[in-house]
Amino acid sequence: MTEPTAPGRPQTFERLTLAVLGVLLILRIMAVTSTPLELYADEAQYWRWGQTLEWGYYSKPPMIAWVIHLTTSLFGTDEWSIRLAAPLLHTAAAAFLFLTGRAILDARAGFFAALLYALMPSVVLSSSVLSTDGVLMPFWCASLYLLWRLRQAEGHWLSAALLGAAIGIGMLSKYAMSYFLIGAALACVIDAPTRRALIAPRGALAGLIAGAIIAPHLAWNAANDFATVSHTVDNANLGGDLFNPENGLRWFADQLGMFGPISFLALLTGLYLYRKGTSETASPERWLLCFVLPVLIFILGQSILSRAHANWTATAYPGAALLLALWFSRGKAAALWASLGLNLLVAGLFMAVTLLPQAATTGLGLDNSAKRTRGWEASASQVFAEAERLGASAVLVDEREAWHGLDYYARGRSLPLISWRRYPGPKSFSETVPLEGALAERVLVVSLHAGLRPLMRSDFAFFEPAGQVRIDLGQRGNGCPITRVFQLYIAEGYSPPERTQEWENQFIGEREFAEPPCPTAAFGG
């Protein structure tokens, strides 16, 4: 049992939580504003979406674009202003976990839950870039807190209204918020107080508010062929071999990196040792498991069936942080301090690495990890200079990431930037604008992929090499240079053949201007 809290201690932990989260926030904002790393492709895509406010976008709900629209409207379109919301949102999420831990047990548990979350490796990474997970988390954590308050009959109608708003905005942030609804349904099954709170007029109010917030997004999807929903379904990749047990090991390794090695192993150990009660009123731990286990089990199953990205389990870990905080608050906290210490070390190292210049990361062998966030400004400058020199009517690229990188870093351009369509219709947001009409008169083809160039050539009557653009991105650990190489062509007479399997098959094995392999032996590798 937990010893009675000494007078003044709750205020001590409240002040300590405020101080620690405040320091972390300041450090993270400093890192965001100082890093030399450029935007990665998804961030550039979200920035482009944010240029127009819609109720939905090609592959994601609208909240991330709205957030970027707000910060860039206030602070301009620099990389740091696009990312600025990330540390703020994660700090808000950690604050809600403190409130939840305090409400469930005491301020000490809330403090540990907030720190476990704020120092989680995945949160450390997500605080330096803006992602849909980062936008979702404060609304997920707010929903946990508000549902607990509603369960405890605290706040009454206000808690219900705010819960509905948090769930609705969470769904506008990422569809993973639907796991919260699954967790709430499970909590209703095992926990009478939750059932009484939700299957009641106040629960109906929360549902009505959530539905009213989500409705415009659903209407947008209906008017746009359910583009966002279709992309989410495609992401599941359930069309191939549907049994890959080896992916279970990869899932396990991913979770060690997501939650932290000690934290995740402690979570598994706690789950093994935990014995559920038989009362109609669930213990806090049992209640929290409703918001942890379904996510982990579902994504593990998805991983074994097909594939699963590491971050797909992100919504399990706010509840997991609260679980560990409760368990450790009722027993020895050595594992807790070990986990926090290791995560703090990882956080410090990661922050230091993001601030290093390229010369330093080359010496440490880290250039390969940073290559997707380097060289886009130089790429855009050189590519569009070549397009102007050659009198191009448009620039055509053959990779989604290249389109987004060039789009952001050449945002003041006068020439159109088009993404080549390999398939009959667009397969990404970058392909939504077709190459047609006056744009196709004299095209500068900017190609990264030797295997796609023969296919692109078949779209044009005239297709002649026009040089290269080479961008240095550092070097690999074996000494081989990392270079982004754009092969340039001038193309005219655009008349694409029908996209059939027969058309694809005739180019199997063909490549143009493939880069020779690095002679690693010359570098001592």
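Reference entry: report on the structure contained in this document.

### Some thoughts on the pairing of strand β4 (residues 460-475)
Here β4 pairs with strand β5 (residues 481-494) via 12 bridges, running antiparallel. Bridged to Glu464 within β5 is Ile490.

### Description of helix α17 (residues 293-305)
The end-to-end C-alpha distance of α17 is 18 Å, a good match for the 18 Å that 13 residues give at a rise of 1.5 Å each. For α17, every residue scored as buried is listed here: Pro294, Val295, Leu296, Ile299, Gln302 and Ser303. Contacts made by the buried residues of α17 are with α10 (178-190), α14 (247-259), α15 (261-273), α16 (284-289) and α18 (317-329).

### Looking at the pattern of salt bridges
One pass over the structure, following the stated rule, counts 16 salt bridges. Where Lys174 meets Asp133, a salt bridge forms, and the shortest distance between an N and an O atom there is 2.6 Å. Highlighted residues: Lys174 in the loop between α9 (156-173) and α10 and Asp133 in helix α8 (residues 132-151), separated in sequence by 41 residues. By relative accessible area, Lys174 is classed as buried at 14%. On the accessibility criterion, Asp133 (10% relative accessible area) is buried. Residue Arg413 is joined to Asp407 by a salt bridge in which the shortest nitrogen-to-oxygen separation is 2.8 Å. On the basis of relative accessibility, which here comes to 0%, the residue Asp407 falls in the buried class.

### Notes on the packing of aromatic side chains
For any pair of aromatic rings, the description rests on two quantities: the centre-to-centre distance and the angle between the ring planes. Applying the stated criterion across every chain, the model contains 25 aromatic pairs. Measuring from ring centre to ring centre gives 5.5 Å for Phe111 and Phe112, while their planes differ by 55°; the resulting arrangement is tilted. Per residue, the accessibility class of Phe111 equals that of Phe112, and both read buried. Judged by centre distance (5.4 Å) and plane angle (80°), the rings of Trp140 and Phe180 are edge-to-face. Residue Trp140 is located in helix α8, and its partner Phe180 is located in helix α10; the two are separated by 40 residues in the primary sequence. Given the relative accessible area of 1%, Phe180 is considered buried. Feature note: the residues Tyr46, Trp49, Tyr57, Trp403 and Phe429 constitute an aromatic cluster, connected by ring pairs.

Cut-off values and rules
Residues numbered from 1 in each chain as written. Predicted model: local features only at pLDDT ≥ 70, side-chain atom pairs only at ≥ 80, totals over all residues. Heavy atoms only, no water. Pairing = 2+ DSSP bridges. Helix = DSSP H or I, 4+ residues; strand = E, 2+ residues; numbered from the N terminus. Expected span 1.5 Å × (residues − 1). Buried < 20%, exposed > 50% of the residue type's maximum accessible area, 1.4 Å probe, protein only. Contact = heavy atoms within 4.5 Å. Salt bridge = Lys/Arg side-chain N within 4 Å of Asp/Glu carboxyl O. Phe/Tyr/Trp six-rings, centres within 6.5 Å; stacked < 30°, edge-to-face > 60°.

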